[in-house]
Structure formats: C-alpha cells, structure tokens
Amino acid sequence: MTMNSTMLDVRALNKIYGSGPKQLEAIRDLTFTIGKGELVCIVGPSGAGKTTLLKCIAGLLRPTAGSVVLEGAPVTGPPPGMAVVFQEYGRSLFPWMTVRQNVEQPLKERRIPRAERTQRVDDALAAVSLADVPDSYPWQLSGGMQQRVAIARAVASEPHVLLMDEPFAAVDAQTRADLEDLVRTLWRRLNMTILFITHDIDESVYLAERVLVLSGRPTVVMEDVHIDLPESRSQLETRSTARFAELRTHVYSLIQRAKAHAQDQPQKTPGANPERAVV
Ligand code: ADP
C-alpha cells in the first residue's frame, strides 16, 4: 500500500528582503519534504535564514518565490494544524494570566467548549510536569518552567505540526537537557510532526531523526543527514556513543564549510562591482 505521507513540502523557496541596492537574499533555493510523524532539526550558521524559513512555513511571511504546502494545502497564512514555540518565552506568555489561563487562551479563541478545554489544559500541563502550578503567574516561575508553559500551550491545541525556533537557547544547560528529553517524549507520545530549528549541533543530533544542514547565505540545503541513533535516547548514554560523536563531527564539518563559504561572499561582491574592482 502506498500512501502520501508527506506533511510538509517546501519547494524552491526563495526570500529576498527589501528592494533595489539594499535588497538581501536571505534564502536562495530551499527544497525539502518532511514526512508525517518525523522529528527533523534544521541547523545552520547564524544568519543562514532559519528564522526566515520558519516564518514562511508558519505563514507569517510571504516567500518571494517557491511554495510551502502543508498537508496538501498551500500555506498563505497561519495554518490551523500548526503551533509554534519561540525562543523568547518571556515575551510569548501573558504576564497577567496564570499558567492555566495562558495554556487555555488559544483554546478559548477557538471556541472549544469549557469541559474539553479544562481536560486538554490538564493533560498538557501534566505532560510537561507542571500540573502542580496551574495558578502561578509566569514571572513566578524559572525560565525552564516558563518554556514548559509555552510548550504546554502549543501541545494543548493538538497540532499536527509543531515548529520550534531555538526554543532552549535562553535556558541553562541542565534545564536544556531536560527540555530536549521532554520534546522527544512528547513527540513519541503524541504522534506529532516536529520541525526544530537550532544552531546547536549537538542538540540537533541528539533530538532528530534527520538533520537538514543549511549553507550560509544565500541559503540552500547542504545535506540531509539521517540520524541512525536508537529511538530511545538518553543524555548520558546516547551522547557518549561512538556513533553520536561521528554524526556530530560530520554535521560540525558541514557547518564549518558553510561558514567558510559565507565568509567568501563579501569578497566576491566588491569584485563583481566595477566601482570597487580597482581596490
Ligand atoms: P537565522 O535565523 O539563521 O540567524 P534569519 O532568518 O534571522 O537567520 O536572517 C537571515 C538574514 O536575513 C540575515 O542576514 C538577516 O539580517 C536578514 N533579515 C532577517 N529579517 C529581515 C528583515 N525583516 N528585513 C531585512 N533583512 C532581514
């Protein structure tokens, strides 16, 4: 039996910011697909257009050319089956609402009946181990706990696809490791497709089934790396295996190449400009 199991199809995506002499080609040509239920990390040097790509996928930014198709439908605005977790949890939660109210708000906006809302919020808070603080305010919680509230809010909407943009960049190392394990646990339990953007190579290898390595700007996919680590992972054991080390070295060397290439860019541009060629 063959089934179309494509969740997300990004085809010849191109994004140019601005116009005229100030225009900047953030993404040159990105093509990839993500299957239903996959956990994929996108990694690339800073400025490679990762956030730009995520905004195009989330329907928050219109690409200059190319297309994003989610579950067979072209993305032209925020798609209903998608939730996004950003890095800045502090700014994404409402400080005047309790934990419970923050998680419940998007469900209210979607007019989900009260009894179901309560159930979903309870389940989501339990899933991120925050069942005991529903009446706290975000500012009373640690950074890691706040980010778990943001994850609970995303999960409560039962998304088909969860996009995460550097969600753990602002928390300490121990919390980050716990949150990484939380993402894998939720992924295995809830059958979601997850697209996780990071500039942390170890994080990408530890989390993903596939790592898409982006080049420096103007951006293309350098390599689609299959992560053949066991499905059940642990911070201590997985990270100390020989295979983990091989994979991280491989991704690391790709990123180094991407950076070296990106550093070439400014030298090429003046050379192509007749006014500067004499220098
Ligand atoms: P990354 O997330 O990989 O660090 P970004 O997508 O944030 O990369 O940015 C890619 C490039 O596009 C950068 O050079 C950035 O300065 C530029 N850029 C991002 N947003 C805008 C914008 N709104 N207008 C102009 N340039 C932008």
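Bear in mind that the values here come from a model prediction, so they are computed numbers and not experimental data.

Let us look at the overall build of the protein. Along its length, the protein carries nine helices and ten strands. Against the 2.2 N^0.38 benchmark of 19 Å for 279 residues, the protein shows a C-alpha radius of gyration of 20 Å, consistent with a compact globule. With the principal axes as the frame, the protein shows a C-alpha extent of 70 × 50 × 45 Å. Considering only contacts within the protein whose residues lie at least 6 apart along the sequence, 68% involve residues at least 24 apart. If you sum the accessible surface of the protein, you get close to 14,200 Å²; carbon and sulfur atoms cover 51% of it. In the protein, which carries 32 positive and 32 negative side-chain charges, the distance between the mean positions of the two groups comes to 6 Å.

What surrounds the ligand is the set Y17, L24, A26, P45, S46, G47, A48, G49, K50, T51, T52 and R217. One nitrogen or oxygen atom from the main chain of T51 is found 2.9 Å from an oxygen atom belonging to the ligand. Within the side chain of R217, one N or O atom sits 3.4 Å away from an oxygen atom of the ligand. Against a free-state accessible area of 560 Å², the protein chains account for coverage of 59% of the ligand. Every element with two or more residues in the shell around the ligand is listed here: β2 (24-35) and α1 (50-57). At three residues, the largest contribution of residues to the shell around the ligand is made by α1. Among the residues forming the shell around the ligand, the class breakdown is five nonpolar, five polar and two charged.

This paragraph deals with helix α6 (residues 173-190). Given a rise of 1.5 Å per residue, 18 residues ought to cover 26 Å, and the 26 Å separating the end C-alpha atoms of α6 matches this to within 8%. Listing the buried residues of α6 in full gives R176, A177, L179, E180, L182, V183, R184, L186 and W187. Its side-chain oxygen 3.3 Å from the backbone nitrogen of Q174, D172 forms the N-cap of α6. Following α6 by one or two positions, N191 has its phi on the positive side, about 60°.

With mixed pairing, ten strands are arranged side by side in an open sheet as β5-β4-β1-β2-β10-β9-β3-β8-β7-β6. The sheet is open, and its two borders are formed by β5 (73-74) and β6 (82-85), each paired with just one other strand. α6 rests against β3 (39-43), β7 (161-165) and β8 (193-198) of the sheet, and its axis sits at about 155° to β8.

Moving on, we come to the layout of surface pockets. A volume near 600 Å³ is recorded for the largest pocket. Together, 21 residues line the largest pocket, and M82, A83, V84, P106 and R153 are the ones closest to its centre. Elements represented by at least two residues in the lining of the largest pocket include exactly β6, α3 (99-109) and α5 (143-156).

Let's shift gears to the pattern of salt bridges. A full pass over the atoms with the stated rule returns 18 salt bridges. Residues R28 and E25 are paired through a salt bridge, measuring 2.7 Å at the closest nitrogen-oxygen approach. A relative accessible area of 43% places R28 in the partly exposed class. Owing to a relative accessible area of 23%, E25 belongs among the partly exposed residues under this scheme.

We now examine the confidence of the model for the protein. Any segment with low pLDDT has predicted coordinates that should not be analysed in fine detail. For the protein, per-residue confidence averages 88 on the pLDDT scale, and 91% of positions sit at 70 or higher. Counted against residues more than four places away or in other chains, residues 266-279, with its pLDDT under 50, gives four contacts.

Taken as a whole and judged by the stated rule, the model has zero disulfides. Free of any disulfide, C41 has its nearest neighbouring cysteine sulfur in C56, separated by 19 Å.

A few words on the packing of aromatic side chains. Each aromatic ring pair is characterised by the separation of its centres together with the angle its planes make. Inspection of the entire model under this criterion finds three aromatic pairs. Ring plane angle 15° and centroid distance 5.8 Å describe the contact between Y137 and W139, whose orientation is recorded as stacked.

The rules behind these values
Residues numbered from 1 in each chain as written. Predicted model: local features only at pLDDT ≥ 70, side-chain atom pairs only at ≥ 80, totals over all residues. Heavy atoms only, no water. Helix = DSSP H or I, 4+ residues; strand = E, 2+ residues; numbered from the N terminus. Rg over C-alpha atoms; globule rule 2.2 N^0.38 Å. Contact = heavy atoms within 4.5 Å. Areas by Shrake-Rupley, 256 points an atom, 1.4 Å probe, with all protein chains shown as cover. Lys, Arg positive; Asp, Glu negative; His and termini not counted. Charge placed at Lys NZ, Arg CZ, Asp CG, Glu CD. Near = heavy atom within 4 Å. Polar contact = N/O pair within 3.5 Å; in protein donor to acceptor, adjacent residues only side chain to side chain. Nonpolar A, V, L, I, M, F, W, Y, C, P; charged D, E, K, R; others polar. Expected span 1.5 Å × (residues − 1). Buried < 20%, exposed > 50% of the residue type's maximum accessible area, 1.4 Å probe, protein only. Pairing = 2+ DSSP bridges. Axes fitted to C-alpha atoms, helices over the stretch in contact; angles between N-to-C directions. 1 Å grid on protein atoms, 1.4 Å probe; cavity = no way out; pocket = protein on both sides within 12 Å on 5 of 7 lines; lining within 4 Å. Points joined across faces, edges and corners; volume = space filled by probe spheres on them. Salt bridge = Lys/Arg side-chain N within 4 Å of Asp/Glu carboxyl O. pLDDT = per-residue confidence, 0-100. Disulfide = S-S within 2.5 Å. Phe/Tyr/Trp six-rings, centres within 6.5 Å; stacked < 30°, edge-to-face > 60°.

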